[in-house]
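Remarks on the overall topology
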Amino acid sequence: MSIILDAIETKKSGGTLSEEIIRGVVEGYTAGTIPDYQMSALLMAIFIRGMDYAETLALTRAMTESGERYSFPDCVDKHSTGGVGDKVSLTSLPIVAACGAPVAKLSGRGLGTTGGTIDKLEAIPEFSVVLFREQFERQVEEVGLAIIEAGDLDPADKAIYALRDATGMVDSLPLIGSSIVSKKAATGAGYLLYDVKRGSGAFMKTVEEARELADLLVRLSGDLGVRAAALISDMDNPLGSAIGNALEVRESVRLLKGEEVPADLAETARRVAVRLLELKGVEDPEAAVERAISSGAAFEKLREFVRAQGGDPTALEDLPVSDAVREVTAPRGGYVAGVRALGIGHAALALGAGREAKGDRIDPGAGVEILAKAGDRVEEGEPVARLYGERDVGRAGTLVLEAFDLSGEPVEPPPVILDGL
Ligand code: URA
């Protein structure tokens, strides 16, 4: 019997796959000798039967080793499971780099309502997200911060993820865990923080599900030699006020300059930076983070990083956004009980800030600016959001209005960091 048929038969009947079979399947599928229809059958069996920890670790290891690998044992990196308005990489990483913890990051583009750091960086004129390996390594050494597009790293995950996406098999815990950790292990940073999002705008809808994923990510990383920790953060509401590529870079610049930004963003960026510095063994990380922001060092690190990757740091002072702007106003007075992240993500997508399908062209200046956050009081007719962009403005306006949940009673803003491990 072929290795793939053996694997399908074993999983179909609830058995356990050996490390040798898992490696053979990953190698065969990546090389193209196992066809999509057989791999889909195996993924479906895994989806239904699950995988134990040893199988999940074997899958993660085989995917990590499926292509090129980097090694940055002194560097820190972070991974977010994706959310609306999530600019934590753009804010926390210049801070930690300014505190002396070097960052080597390979990142992706957004799909659907999940933003991608690479798209955000490309909103900066002339910024290049592609560097040769030697340039990338030199920049990490000299600037202490480099972020490029993930490219051909982990080809097994690229192929398997595309198949899972096309066959409705993304939401399986062992498949998500192995997919995320294999990419991070192939990037090779020695210290890693997972920001696992929970809520309507995230993969994981409950804190319990998010904790289960966080546990798995930290355990797999540890077994692959990476010191890892996780935070669980809220994604019922968009993070900060800006959703959309250039808008998010602008808001990140404000935070790094020590200017006022919404409290949920300020807290998340700081907590992620502090936890990364703790992992790295930096003393008094809270004070280091505050100093990096108040001294201007964190913003200067962002400028240095942008310059090193071909971008124009002066553009950060006033990054262009769409000049087609429309306000959305409150239909009645009340307290904002919540702003549904998923609805705002779909509105930003309608305006052109993201892609419905891989390869769609995005408008870097499009997006949504939230003017009233959970807990705020608004009066009838008061602007609660601004829409930027020229694509489906009518639909975006309806989606934004539907996303605002207004209450007659005062509302406490929800906590943003829900747990940590
Ligand atoms: N993000 C990933 O990289 N992989 C998954 O499977 C899900 C989210």
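Residues numbered from 1 in each chain as written. Predicted model: local features only at pLDDT ≥ 70, side-chain atom pairs only at ≥ 80, totals over all residues. Heavy atoms only, no water.

Attention now goes to the site of the ligand. Around the ligand sit Tyr161, Arg164, Ile176, Ser179, Ile180, Lys183 and Phe203, and that is every residue in its neighbourhood. Between an oxygen atom of the ligand and a side-chain N or O atom of Arg164, the distance comes to 2.8 Å. Here Ser179 contributes a side-chain N or O atom positioned 2.6 Å from a nitrogen atom of the ligand. For the ligand, the protein covers 88% of the area, taking 240 Å² as the surface of the free molecule. When residues of the shell around the ligand are traced back to their parent elements, those giving at least two are helix 8 (155-166) and helix 9 (173-187). (Near = heavy atom within 4 Å. Polar contact = N/O pair within 3.5 Å; in protein donor to acceptor, adjacent residues only side chain to side chain. Areas by Shrake-Rupley, 256 points an atom, 1.4 Å probe, with all protein chains shown as cover. Helix = DSSP H or I, 4+ residues; strand = E, 2+ residues; numbered from the N terminus.)

Attention now moves to the nonpolar core. One finds Ile95, Val96, Phe305, Ile344, Val368, Val400 and Phe404 to be the most contacted residues of the largest nonpolar core, which totals 82 residues. With nine residues, the single largest contributor to this core is helix 12 (residues 263-280). Viewed by domain, this core spans two of them, domain 2 (72-316) and domain 3 (325-407), each represented by three or more residues. In this structure Phe404 touches Val336, Gly338, Val339, Ile370, Ala372, Val384 and Ala385, once residues within four positions along its chain are discounted. In this structure, Ile34, Ile46, Ala156 and Leu175 belong to the second largest nonpolar core, which totals 24 residues. (Core = buried A, V, L, I, M, F, W, Y, C linked by side-chain atoms within 4.5 Å. Buried < 20%, exposed > 50% of the residue type's maximum accessible area, 1.4 Å probe, protein only. Domains from an automatic or database assignment. Contact = heavy atoms within 4.5 Å.)

What follows covers the domain arrangement of the protein chain. Taken domain by domain, the protein chain holds domain 1 (3-50), domain 2 (72-316) and domain 3 (325-407). Here the C-alpha centre of domain 3 lies 43 Å away from the C-alpha centre of domain 1.

So, about the pairing of strand 11 (residues 383-388). As judged from the five bridges shared by strand 7 (residues 325-329) and strand 11, these two strands associate in the antiparallel manner. Along strand 11, the bridge assignment pairs Val328 with Ala385. Here strand 9 (residues 367-370) pairs with strand 11 via four bridges, running antiparallel. By the bridge assignment, Glu369 is partnered in strand 11 with Arg386. (Pairing = 2+ DSSP bridges.)

What follows concerns the state of the cysteines. As enumerated under the stated definition, the model contains zero disulfides in all. Looking at Cys75, it has no disulfide partner, and the nearest cysteine sulfur is the one in Cys99, 15 Å off. Note on Cys75: relative accessible area 3%, which makes it buried. (Disulfide = S-S within 2.5 Å.)

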